[in-house]
Amino acid sequence: MGRKHWEAETLHAYKARMIDNKSESYCGAKWFNATIWLGHGQTASCHHPPGHWIPLEELKDNPTAIHNTKHKKLMRKQMQEGKRPAECEYCWKVEDMGKDHISDRVFKTEIFKDEDLDASMEMPWDENVQLRTLEISFDRACNLKCTYCNPAFSTAWVKDINDYGAYQNIKSDGRGHFVDTAPWAEPAARKAEDNPFIQAFHKWWESDLADNLEEIRITGGEPIMHTGTWKLFDWFEKNPDRARDMRFAINSNLSPQTPKVLDKLIEKSWHVPNFEIYTSMEAAKTQAEYIRDGLDYDLWMNSIHRVLKESNVQKLHMMMTINSLCLTTITEFMDEMLQLRKEYGERAPTMTMNILRFPSFQSAAILPEKVKTYYKNKLSAWHFLNGGKLNEGERASLQRLIDYLDIVKTPHKNTADQDKLYHDFKAFFTQFDVRRNKNFVETFPGPIAEWYKTLEAEVPTAEQIKSKTFVLSSESLSIEGDLIRGGDPATTDAYGTGDDDHEQKIKVGGWDTENDALGGVKVD
């Protein structure tokens, strides 16, 4: 690894030694990491920038183009020149809060070898690069339908739209993701063997990708629902020599539809020398089951215990998606994670806090100041009592969240005005309750529920939602109206002027694009 853990090198010291000396905007992930949605053919350098389409013509003679697209090469060029790519707004927004905050580009760079990072600044910007870490998705099949997700990443969400139709009267950015079943995210071919992106992956994998990767991680949807995941497990079993030094990880909700699936996962893990699991949760039981609709929290926790006791998992990672609703019981959830550490020691989950930006109306940043202050103080008190039980990265992430609630007012450049965001918060969750048989006020008692009750929004009645007999208002987004499918959300712009006051003053800031950030959708 790059950071000198054995010399107790701090994150700030590492940033000064290996990142700042390259350029003001350098991130190793632009060269050596990729998230690739093989099912429908999009790629990004990590999970923060929007995915962009992989041009089929680039794949004809170059299977590495599932990573080395012309777009990514232009982003590398910007970083070599010290320019901030606009698509990397997530990190710039964190760093521009001041207080010497560590953004994710440090975490995503420190995992790579110093010599690889040094070489990236010397190579031509348009050179094809070998990946060191790779995250792939075979398709969007998933058995959960989280509040902030959408049909592009969950077939359970597709079913929701098919059952009840579009969400009505959502006015702010991101509204396009709640209108239809995201047909642009359907697999590029009926059979995986006919999918050109999956074909390119396997061609690259067998040629030299498998011999150069340090980690491959499968995401989804839910990866244990796809045969491609199990085929990779089989590859690790059949190729012990080639697989010896590679980490194999999955992003799983650990909520299998049958116990046999978890049994299979545990058994297969013993054929992988370096197996890791990334799972997601950020709130305690009742609130988690609301946010992650379809979740059985007790079943999920039982899976955690079984994996730690019975499988060959080397590391278990807890990815926390920080949204407005999880603030209600996030500290109670972290208490549970610390309890797991007492039971399992170093094998217990480590926590990462990923701040939600899209859809904006579910971002913690848009909550009223009084509500944010309440939860900021609750987090600060928990940090004071428990900070010593966290690792360096966890402490940095928690302090970053506390300061985020104090400083940041808008999750991204294209955030709609406050009235629209408040309207959409009410409109969405009112309809969500009917469609998912839930009750927002009873689930989130306290400041958020009291604020929620003051909001107003025009939405169909419960009977209209269930029978799909509603009529779109003039301001609603219609499928036949201003929604355009097939657009590419990627932008080659550099980072311009900020949207928050603290950014305006120092003349840095937001991502100026008219496109949604989840991929494949453009709303004019």
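See the structure printed just above.
Residues numbered from 1 in each chain as written. Predicted model: local features only at pLDDT ≥ 70, side-chain atom pairs only at ≥ 80, totals over all residues. Heavy atoms only, no water.

**Q** Which residues make up empty space enclosed by the protein, and what values do they have?
**A** What the rule picks out here adds up to six cavities of 30 Å³ or more. Its boundaries defined by the atoms lining it, the largest cavity holds a volume of some 100 Å³. Lining the largest cavity are 15 residues, and of these Cys27, Lys30, Cys46, Cys88 and Cys91 sit closest to its centre. Listed by contribution, the elements that provide at least two residues to the lining of the largest cavity are helix 2 (29-32) and helix 5 (89-95). Top element by residues in the lining of the largest cavity is helix 5. It accounts for three residues. (1 Å grid on protein atoms, 1.4 Å probe; cavity = no way out; pocket = protein on both sides within 12 Å on 5 of 7 lines; lining within 4 Å. Points joined across faces, edges and corners; volume = space filled by probe spheres on them. Helix = DSSP H or I, 4+ residues; strand = E, 2+ residues; numbered from the N terminus.)

**Q** Give a detailed account of unusual backbone geometry, specifying residues and quantitative values.
**A** In this chain, Gly220 is followed by Gly221 through a cis amide linkage whose omega measures 5°. If you trace the backbone, Gly221 turns up in the loop between strand 6 (215-219) and helix 10 (227-238). Its identity as a non-glycine residue notwithstanding, Asn437 has a phi of 60°, on the positive side. Within the secondary structure, Asn437 sits in the loop between helix 18 (418-436) and helix 19 (440-443). Classification of Asn437 by relative accessible area gives exposed; the value is 73%. Residue Lys468 is not a glycine yet carries a positive backbone phi of 55°. If you trace the backbone, Lys468 turns up in the loop between helix 21 (462-467) and strand 12 (483-485). (Buried < 20%, exposed > 50% of the residue type's maximum accessible area, 1.4 Å probe, protein only.)

**Q** Could you give an account of helix 12 (residues 259-269), naming the residues involved and the relevant values?
**A** Turn by turn, an α-helix covers 3.6 residues, leaving residues three or four places apart pointing in a common direction. Buried within helix 12 are the following residues: Leu262, Leu265, Ile266, Lys268 and Ser269. Down the axis of helix 12, the sector holding all buried residues measures 170°, keeping them to one side. Along helix 12, exposed side chains directed more than 90 degrees from the buried face belong to Pro259 and Lys260. Considering only its buried residues, helix 12 is in contact with helix 10, strand 7 (247-251), strand 8 (275-280) and helix 14 (297-310). (Arc of directions from axis to C-beta. Contact = heavy atoms within 4.5 Å.)

**Q** Before we move on, can you summarise the nonpolar core with the specific residues and values?
**A** The tendency in soluble globular proteins is for nonpolar side chains to be buried side by side. Ranked by internal contacts, the top residues of the largest apolar core, which has 135 residues, are Leu134, Ile136, Trp205, Ile216, Phe248 and Trp300. When residues of this core are assigned to their parent elements, the largest contribution, eight residues, is made by helix 9 (residues 196-212). The residues contacting Ile136, other than those within four sequence positions of it, are Ile36, Leu38, Phe201, Ile216, Arg217, Ile218, Thr219 and Leu232. (Core = buried A, V, L, I, M, F, W, Y, C linked by side-chain atoms within 4.5 Å.)

**Q** Describe the packing of aromatic side chains, listing the residues and the values that go with them.
**A** Following the criterion strictly, the structure yields 37 aromatic pairs and no others. Consider the rings of Trp205 and Trp235, whose centres lie 4.9 Å apart with planes at 70°: the pair is edge-to-face. In this pair, Trp205 sits in helix 9 while Trp235 sits in helix 10, placing the two residues 30 residues apart along the sequence. As far as the burial class goes, Trp205 and Trp235 line up, both buried. Across the ring face of Tyr452, the terminal group of Lys426 is positioned such that the distance to the ring centre comes to 4.1 Å. Here the basic side chain of Arg435 rests over the ring of Tyr167, its NZ or CZ set 3.8 Å away from the ring centre. (Phe/Tyr/Trp six-rings, centres within 6.5 Å; stacked < 30°, edge-to-face > 60°. Lys NZ or Arg CZ within 6 Å of the ring centre and 35° of its normal.)

Nothing here speaks to function; it is geometry throughout.
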